[in-house]
Amino acid sequence: QVQLVESGGGLVQPGGSLRLSCAASGIPFSITTMGWYRQAPGKQRELVATIASGGSTYYADSVKGRFTISRDNGNNRVYLQMTSLKPEDTAVYYCNTKYKLFIQNYDYWGQGTQVTVSS
């Protein structure tokens, strides 16, 4: 059974930092592309950052230079280090995994963790 469990969200003041963690199970973690997405109230879900199996990363322009995605293949975890947080970073953050086995594509989501940036 596939599980993606996010943790680390919370309330933080503008300019502060948070580190999100996603623990994955039931997937061939080392071959996956892992990603973080977010959805603010009334808005569509948007891509924040991804990290491929080989370690290459991608960031949305809105978080470049402030957020860092990383992965620990030994512990099946992916992290999102968020710094210089802004009120517009407030959203539910979701962990995502995408991978292909043979001819089948797989795409799974976590349940999300709330991040609120407010003074």
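Note that this is a predicted model, so its numbers are computed, not measured. (Residues numbered from 1 in each chain as written. Predicted model: local features only at pLDDT ≥ 70, side-chain atom pairs only at ≥ 80, totals over all residues. Heavy atoms only, no water.)

Colleague: Let's hear about the packing of aromatic side chains: which residues, and what values?
Modeller: A full pass over the atoms with the stated rule returns 4 aromatic pairs. Look at Tyr37 and Trp109: their rings are 4.8 Å apart centre to centre, the planes differ by 65 degrees, and that puts the pair in the edge-to-face class. Separated by 72 residues along the polypeptide, Tyr37 in strand 4 (residues 33-39) and Trp109 in strand 10 (residues 104-109) bring together distant segments of the chain. The class for Tyr37 is buried, based on a relative accessible area of 14%. With relative accessibility at 36%, the residue Trp109 sits in the partly exposed group. A centroid spacing of 4.9 Å and a plane angle of 15 degrees characterise the contact between Tyr99 and Tyr106, whose relative ring orientation is stacked. The class of Tyr99 is buried, set by a relative accessible area of 8%. The aromatic ring of Tyr79 is capped on one face by Arg19, whose charged end is 3.9 Å from the ring centroid. (Phe/Tyr/Trp six-rings, centres within 6.5 Å; stacked < 30°, edge-to-face > 60°. Helix = DSSP H or I, 4+ residues; strand = E, 2+ residues; numbered from the N terminus. Buried < 20%, exposed > 50% of the residue type's maximum accessible area, 1.4 Å probe, protein only. Lys NZ or Arg CZ within 6 Å of the ring centre and 35° of its normal.)

Colleague: Describe the sheet that holds strand 1 (residues 3-7), and please don't skip the residues or the numbers.
Modeller: Spatially, 1-3-8-7 is the arrangement adopted by the 4 strands of the open sheet, whose pairing is antiparallel. In the strand order of this sheet, the two ends are held by strand 1 and strand 7 (67-72), each with one partner. Between one strand and the next, the sheet's axes are offset by a mean angle of 15 degrees, whatever the strand orientation. Bridging between strand 1 and strand 3 (residues 18-25) involves 5 bridges; their strand directions are antiparallel. (Pairing = 2+ DSSP bridges. Axes fitted to C-alpha atoms, helices over the stretch in contact; angles between N-to-C directions.)

Colleague: Can you tell me about the environment of Thr83, naming the residues and giving the values?
Modeller: Tracing the sequence through the fold places Thr83 in the loop between strand 8 (77-82) and strand 9 (91-101). By relative accessible area, Thr83 is classed as partly exposed at 25%. When the C-alpha atoms of Thr83 and Arg19 are compared, they prove to be 8.6 Å apart, with 64 residues separating the residues in sequence. Looking at Thr83, its side chain comes within polar contact range of the main-chain oxygen of Arg66, at 2.6 Å. (Polar contact = N/O pair within 3.5 Å; in protein donor to acceptor, adjacent residues only side chain to side chain.)

Colleague: Account for the side chain of Thr32, with residues named and values stated.
Modeller: Relative to the helices and strands, Thr32 resides in the loop between strand 3 and strand 4. For Thr32, a relative accessible area of 0% gives the class buried. A polar side-chain atom of Thr32 sits 2.8 Å from the main-chain carbonyl oxygen of Phe29. Leave out the neighbours within four places in its chain, and Thr32 touches Ile27, Ile51, Ala52, Ser53, Arg71, Thr97, Lys98 and Tyr99. (Contact = heavy atoms within 4.5 Å.)

Colleague: I'd like a description of unusual backbone geometry, backed by residues and values.
Modeller: If you check the backbone angles, Asn76 has positive phi at about 55 degrees while not being a glycine. Assignment of secondary structure puts Asn76 in the loop between strand 7 and strand 8. Look at Asn76 and you get partly exposed, because its relative accessible area is 24%. Backbone geometry places Phe102, a non-glycine residue, at a positive phi of 55 degrees. Assignment of secondary structure puts Phe102 in the loop between strand 9 and strand 10.

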